[in-house]
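Next come the chains, spelled out residue by residue.
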Amino acid sequence: MSKKVYVAGGGAAGMCAAIYAARNGADVTIIEKNTILGKKLSVTGNGRCNLTNLDMRPEYYNKAAVGRMRNWLSLYGPEETIKFFKSLGVIVKSEEGYIYPISGQASTVVNALINELKRLGVTVITQSQVKAVKKAENDESPYILVTNKNKYNADAVILALGSLSGAKSTMSTGDGYYICKQLGMDFKDTYPALVGFKCEDDGTMPDAGVRAAAEISFYLGEELITSECGELQISKDGISGIPVMQASREIIKFVTEKKPVVASVDFFHDYDEGDFEALKLDMLKLRDNRTLEEFLLGFANSNINSIVLKKMKLSPTMRMKNIAESMVLCILDRYRDIRFNLTDSYGFIQSQVTTGGMSLGDIGDDMSVVGMPGVYCAGELLDVDGRCGGYNLQFAWTSGSIAGTSASI
Ligand SMILES: Cc1cc2nc3c(=O)[nH]c(=O)nc-3n(C[C@H](O)[C@H](O)[C@H](O)COP(=O)(O)OP(=O)(O)OC[C@H]3O[C@@H](n4cnc5c(N)ncnc54)[C@H](O)[C@@H]3O)c2cc1C
């Protein structure tokens, strides 16, 4: 008789696990709280779904996960992911190593997974909330999966219940943490990550949003925590964009604890010191009767100029001929160190991933829960988070495929 495998959660990891278990001959049922499968997956990558990344390194994941990821990625990495999606009829393309479905639509990925579940005869129960996994007593199956509507006898259970990150419609309510804690598993504190930050309102934040390439360095007091380059976005209440999201994984704990975290922005990071000095001297030669605002127009984005002048408490209407040379140099230098005090993150709803979760110390190499043979975890429920760029979905595919295969044996 085929093994009865129940998958709790029909997101990226759950659907992948169900496919691998069913391909191995198991009788698989997915239980999903939402009305549809793969809701979060359908909004990934700005609707394009960045499936994985060819530049895959264990170091791109949180410190606690690096060693385990080395092993798991050697079993199932980007190559396996691309082959898997090809087997579902999804052809992918690489944009500098970032892998997307060639259709440019995340819905392609979701529909291909759902079609494969149908083809394999996987039962899907939606609008049903998993509440607990219990050891069965005097029953032929070792586990009972309890939902708000029913109880199911299971030979194996895969918990793929996701995290706290994402819009409310994605049902990222952290139910899995509670269920796993009931099983005696250790929990690592959770924080939103791949997220932007609110900044202190010192009257210098721009009314209109600003987007510009920059290097951003984050300091805790005087100590540098991390630096990232990329397109920074500054809005009326905070900073975001890829470099901020990437750094968020390192700084979120400090910001949440209300420690003094400062972002220092360098809009001329691609200039070495000599080139920047030469640029400043060229600018000096342009001093004439224009206003400071007019003078700076040729130097940087007007919204950035306005932030700099406000930070330095300088009037844009000052005449250049009345500003000392040393002061002009000081103004230009400021573009390499514009500071923002971070006050809070934009929270779980606007975050793409959750740091923390169920401890990997309770997870075997086959994704089983230590001491509970037949129960497995997969996906973001676990204390694994990666950089922005396909790394989090890669973990969903990696852990889902390993859990699904292990559960079906
Ligand atoms: C806006 C956004 C964009 C992103 N873009 C990318 C990207 O391009 N590339 C990338 O690598 N990562 C991206 N991510 C991260 C990625 O989506 C997640 O890491 C991934 O979806 C995690 O998969 P999962 O299966 O663990 O969790 P989920 O996909 O969240 O699935 C968990 C499922 O469990 C269900 N569930 C929860 N509780 C219960 C319950 N009690 N009973 C039954 N079902 C339940 C949920 O409804 C959900 O369907 C993005 C995230 C967001 C929010």
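Here the structure is a predicted model, which is why all the values come from computation and not from measurement.

Structural notes on the site of the ligand
Here is step 1 of the chain: Surrounding the ligand, one finds 31 residues, the nearest of these being Glu32, Val130, Asp175, Glu380 and Leu393.
Here is step 2 of the chain: In the model, an oxygen atom of the ligand is placed 2.9 Å from a nitrogen or oxygen of the Ala13 main chain.
Here is step 3 of the chain: Within the backbone of Leu393, an N or O atom sits 2.7 Å from an oxygen atom of the ligand.
Here is step 4 of the chain: Against a free-state accessible area of 1000 Å², the protein chains account for coverage of 94% of the ligand.
Here is step 5 of the chain: Those elements giving two or more residues to the shell around the ligand turn out to be helix H1 (12–23), helix H2 (44–47) and helix H12 (391–408).
Here is step 6 of the chain: Looking at the shell around the ligand residue by residue, the class counts come to 10 nonpolar, 16 polar and 5 charged.

Concerning the side chain of Gln394
Here is step 1 of the chain: Residue placement: Gln394 occurs in helix H12.
Here is step 2 of the chain: In this structure Gln394 touches Leu51, Thr52, Met56, Tyr61, Leu73, Tyr76, Gly77, Pro78 and Thr81, once residues within four positions along its chain are discounted.

What to know about the packing of H1 against helix H5 (residues 106–119)
Here is step 1 of the chain: H5 packs onto H1 with a crossing angle of 30° between their chain directions and a minimal axis gap of 10 Å. In terms of orientation, H1 lies roughly parallel with respect to H5. For the pair H1 and H5, the sense of crossing is left-handed. Here H1 contributes Met15, Ala18, Ile19 and Arg23 to the contact with H5, which in turn contributes Leu113, Ile114, Glu116 and Leu117.
Here is step 2 of the chain: When the residues that make up the contact of H1 with H5 are grouped by side-chain class, the tally is 6 nonpolar, no polar and 2 charged.

Some details on the packing of aromatic side chains
Here is step 1 of the chain: Summed over the entire model, instances satisfying the criterion amount to 15 aromatic pairs.
Here is step 2 of the chain: Between Tyr6 and Tyr152, the aromatic rings sit 5.2 Å apart at their centres with planes inclined by 35°, giving tilted as the arrangement. Of the two residues, Tyr6 is situated in strand E1 (residues 4–8) and Tyr152 in strand E9 (residues 151–154); the sequence distance between them amounts to 146 residues. With respect to burial, Tyr6 and Tyr152 carry one shared label: buried.

With respect to the pairing of strand E10 (residues 156–159)
Here is step 1 of the chain: Residues Ala156 and Ile158 line one face of E10 and the alternating positions Val157 and Leu159 line the opposite face, and both faces are buried.
Here is step 2 of the chain: For E1 and E10, the ladder comprises 4 bridges, and the chain directions are parallel. Across the sheet, the residue bridging to Val7 is Ile158, located in E10.

A short note on the domain arrangement of the protein chain
Here is step 1 of the chain: Taken domain by domain, the protein chain consists of domain 1 (4–191 + 353–408) and domain 2 (197–345).
Here is step 2 of the chain: Each of domain 1 and domain 2 was reduced to a C-alpha centroid, and the two centroids are 41 Å apart.
Here is step 3 of the chain: Contacts between the two partners involve 10 residues from domain 1, matched on the other side by 10 residues from domain 2.
Here is step 4 of the chain: A combined buried area of about 770 Å² lies between domain 1 and domain 2, and 51% of that area is made up of carbon and sulfur atoms.
Here is step 5 of the chain: With a closest N to O distance of 2.6 Å, Arg249 and Asp385 form a salt bridge.
Here is step 6 of the chain: Where domain 1 meets domain 2, there are 4 residue pairs in polar contact (both at pLDDT 80 or more).
Here is step 7 of the chain: Here the residues of the side of domain 1 that touches domain 2 sort into 4 nonpolar, 3 polar and 3 charged.

With respect to the layout of surface pockets
Here is step 1 of the chain: The volume enclosed by the second largest pocket comes to roughly 490 Å³.
Here is step 2 of the chain: Considering the residues around the second largest pocket, the lining is formed by 18 residues, among which Asn62, Lys63, Arg249, Thr355 and Asp385 are closest to the centre.
Here is step 3 of the chain: The leading source of residues in the lining of the second largest pocket is helix H7 (residues 242–256), at 5 residues.
Here is step 4 of the chain: Tallied by class, the residues present in the lining of the second largest pocket amount to 6 nonpolar, 3 polar and 9 charged.
Here is step 5 of the chain: Two domains share the lining of the second largest pocket, each providing at least three of its residues, namely domain 1 (4–191 + 353–408) and domain 2 (197–345).

Structural notes on the sheet that holds E9
Consider a sheet: its strands pair through backbone hydrogen bonds, and that pairing is either parallel or antiparallel.
Here is step 1 of the chain: Strand order in this open sheet of 3 strands is E7-E8-E9, and the pairing throughout is antiparallel. On the outer flanks of this sheet lie strand E7 (130–135) and E9, each paired with one strand and no other. Sheet twist, expressed as the mean angle between neighbouring strand axes with direction ignored, is 20°.
Here is step 2 of the chain: With 4 bridges connecting them, strand E8 (residues 143–147) and E9 associate as antiparallel partners. Considered in E9, the bridge of Ile144 is made with Asn153.

A look at the environment of Pro192
Here is step 1 of the chain: Along the chain, the position of Pro192 falls in strand E11 (residues 187–193).
Here is step 2 of the chain: Each C-alpha atom of the pair Pro192 and Lys135 lies 33 Å from the other, and the pair is 57 residues apart in sequence.
Here is step 3 of the chain: Excluding its chain neighbours within four sequence positions, the residues that come into contact with Pro192 are Ile252, Ser345, Gly347, Phe348, Ser351 and Val353.

Cut-offs and rules
- Residues numbered from 1 in each chain as written.
- Predicted model: local features only at pLDDT ≥ 70, side-chain atom pairs only at ≥ 80, totals over all residues.
- Heavy atoms only, no water.
- Near = heavy atom within 4 Å.
- Polar contact = N/O pair within 3.5 Å; in protein donor to acceptor, adjacent residues only side chain to side chain.
- Areas by Shrake-Rupley, 256 points an atom, 1.4 Å probe, with all protein chains shown as cover.
- Helix = DSSP H or I, 4+ residues; strand = E, 2+ residues; numbered from the N terminus.
- Nonpolar A, V, L, I, M, F, W, Y, C, P; charged D, E, K, R; others polar.
- Contact = heavy atoms within 4.5 Å.
- Axes fitted to C-alpha atoms, helices over the stretch in contact; angles between N-to-C directions.
- Parallel < 35°, antiparallel > 145°, perpendicular 65-115°, else oblique.
- Left-handed = near helix turned anticlockwise from the far one by under 90°.
- Phe/Tyr/Trp six-rings, centres within 6.5 Å; stacked < 30°, edge-to-face > 60°.
- Buried < 20%, exposed > 50% of the residue type's maximum accessible area, 1.4 Å probe, protein only.
- Pairing = 2+ DSSP bridges.
- Domains from an automatic or database assignment.
- Buried area = accessible area lost by both parts, 1.4 Å probe.
- Salt bridge = Lys/Arg side-chain N within 4 Å of Asp/Glu carboxyl O.
- 1 Å grid on protein atoms, 1.4 Å probe; cavity = no way out; pocket = protein on both sides within 12 Å on 5 of 7 lines; lining within 4 Å.
- Points joined across faces, edges and corners; volume = space filled by probe spheres on them.

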